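Report on the structure
Given next are the chains, with one letter for each unit.
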Amino acid sequence: MFESFNPTPRILMGPGPSNVSPRVLGALSRPTIGHLDPQFIGLMDEIKQLLQYAFNTENTFTIALSAPGSAGMEACVVNLIEPNDKVIVCINGVFGTRLKENIERVGAQAIIVEDKWGDPVTLDKVEGAFKANPTVKALAFVHAETSTGARSDAKTLCQLAKKYNALSIVDAVTSLGGSELKVDEWGIDAIYSGSQKCLSCVPGISPISFSDKAVEVLKSRKSKVQSWFLDQSLVMNYWSGEGKRSYHHTAPINSLYALHESLLMLKQEGLENAWQRHHNLHLALKSGLEKLNIEFLVDEPHRLPQLNSVLIPNGIDDNTVRTALLSKYNLEIGAGLGQLAGKTWRIGLMGSTANEQNVALLIAALQDVLS
Ligand code: PLP
């Protein structure tokens, strides 16, 4: 016999999703209305404005894609890159590798700048790649590499892209709402994120934003975008503010109620206050972990407050500890990903999960299961 699904509430301190607040879950359960209902169009307009606030941008093309972060990544690549284009892609973890895969799948040439997992992208290497390849169309990199917990210098990387007349494509899936991110000031051309990390919304939506220059590049393409669903020149007509909206696909209506509520919560807290909260809690976590002799993977200046990769102490079994945290404390932390599997744990302090009680509980729980 089947029954309704009733999961045990967990404290989500992994690499995402983070905990969704009761306010956002409340918004999710409101009555579904039509996706072209004037009330819903009004909600979409507010979401665009709230996303502009979260991204620190005035970009007109700032929307929420009806798909997860991976689709945001793919949308940036398939809309702005054409076959035979050259793109510098920085790889210092799993998601840089995924970017490369997307670039190659559109038939473009990926020029790889590689760094050790746990290190940020090396600026000199990127400049070297630009000098060696004068006709590069774009630079693509991950601002906050969730697989390692390293933050790269997005501001300088985008300045480099401008200097060499290339577009910048930035993965902000883990950074949006959790640490400093300034799309206009840093000159980012195309950026994508995810709803399930520091926005603490339900998974499955990808906020994206294109600069006017990126929109121009999209409009002057030689070839059609090969993905109909991700072709942003078609999606624009559904999200555009000019009063005449045309059907493109059926939006995830209730998930957009939830996104609106989570963005409203961010606006009410204040973006810079949210960044500061993540930073403060990272410091609290760090001091607790130090008492347990647990060390970080990433050097201090490059650590992400919202994603803390730590080295599993010698002689400790990864799976035993994570299973004990889950079964005894309903507390989830993340396993290492890719080449860091079995070597690191990833402790997320994202969005509404980032609070003092959770940090204190995790430290006490770790102390218990490690003893
Ligand atoms: N990029 C980064 C940096 C991520 O952390 C993730 C997900 O963890 C993604 C892209 C892909 O997002 P999603 O899992 O929502 O498709």
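Residues numbered from 1 in each chain as written. Predicted model: local features only at pLDDT ≥ 70, side-chain atom pairs only at ≥ 80, totals over all residues. Heavy atoms only, no water.

What follows is about the pattern of salt bridges. Enumeration over the complete set of coordinates arrives at 14 salt bridges. Note that E180 and K182 form a salt bridge whose closest N and O atoms lie 3.4 Å from each other. Residue E180 is classed as partly exposed on the basis of its relative accessible area of 40%. For K182, a relative accessible area of 17% translates into the label buried. Within this structure, R23, R30 and E261 form a network of salt bridges that share partners. (Salt bridge = Lys/Arg side-chain N within 4 Å of Asp/Glu carboxyl O. Buried < 20%, exposed > 50% of the residue type's maximum accessible area, 1.4 Å probe, protein only.)

So, about the site of the ligand. The environment of the ligand is made up of 13 residues, and the closest members are S70, T146, D171, Q196 and K197. Interatomic distance of 2.9 Å between a backbone N/O atom of G69 and an oxygen atom of the ligand. Between the ligand and S70, the relevant distance is 2.6 Å, taken from an oxygen atom to a side-chain nitrogen or oxygen of the residue. Counting only elements with at least two residues in the shell around the ligand, the list comes to α3 (69-80) and α4 (94-105). Looking at the shell around the ligand, its residues break down into five nonpolar, five polar and three charged. (Near = heavy atom within 4 Å. Polar contact = N/O pair within 3.5 Å; in protein donor to acceptor, adjacent residues only side chain to side chain. Helix = DSSP H or I, 4+ residues; strand = E, 2+ residues; numbered from the N terminus. Nonpolar A, V, L, I, M, F, W, Y, C, P; charged D, E, K, R; others polar.)

Moving on, we come to the pairing of strand β12 (residues 331-335). As defined by bridge partners, strand β1 (residues 11-13) adjoins β12 across three bridges and the pair is classed as parallel. Its bridge partner lying in β12, M13 is registered against I333. Sheet topology note: the β12/strand β13 (residues 344-348) ladder contains two bridges and is antiparallel. What sits directly across from G334, in β13, is R346. (Pairing = 2+ DSSP bridges.)

Before going further, it helps to spend a moment on the domain arrangement of the protein. What the domain assignment lists for the protein is domain 1 (11-16 + 270-370) and domain 2 (22-267). Taking the mean C-alpha position of each, domain 1 and domain 2 sit 26 Å from one another. Taken together, the contact between domain 1 and domain 2 spans 25 residues of the former and 30 residues of the latter. For the pairing of domain 1 and domain 2, the buried interface totals around 2200 Å² over both sides, and the portion due to carbon and sulfur atoms is 60%. The largest per-residue losses of area from domain 1 upon contact with domain 2 belong to L271, W275 and L304, which jointly make up 28% of the total buried on that side. Where domain 1 touches domain 2, the interface holds zero salt bridges. Applying the counting criterion to the domain 1 and domain 2 interface returns 13 residue pairs in polar contact (both at pLDDT 80 or more). Secondary structure elements with two or more residues in the side of domain 1 that touches domain 2: α11 (271-291) and β11 (307-311). The element contributing the most residues to the side of domain 1 that touches domain 2 is α11, with four residues. For the side of domain 1 that touches domain 2, the residue count by class is twelve nonpolar, eleven polar and two charged. (Domains from an automatic or database assignment. Contact = heavy atoms within 4.5 Å. Buried area = accessible area lost by both parts, 1.4 Å probe.)

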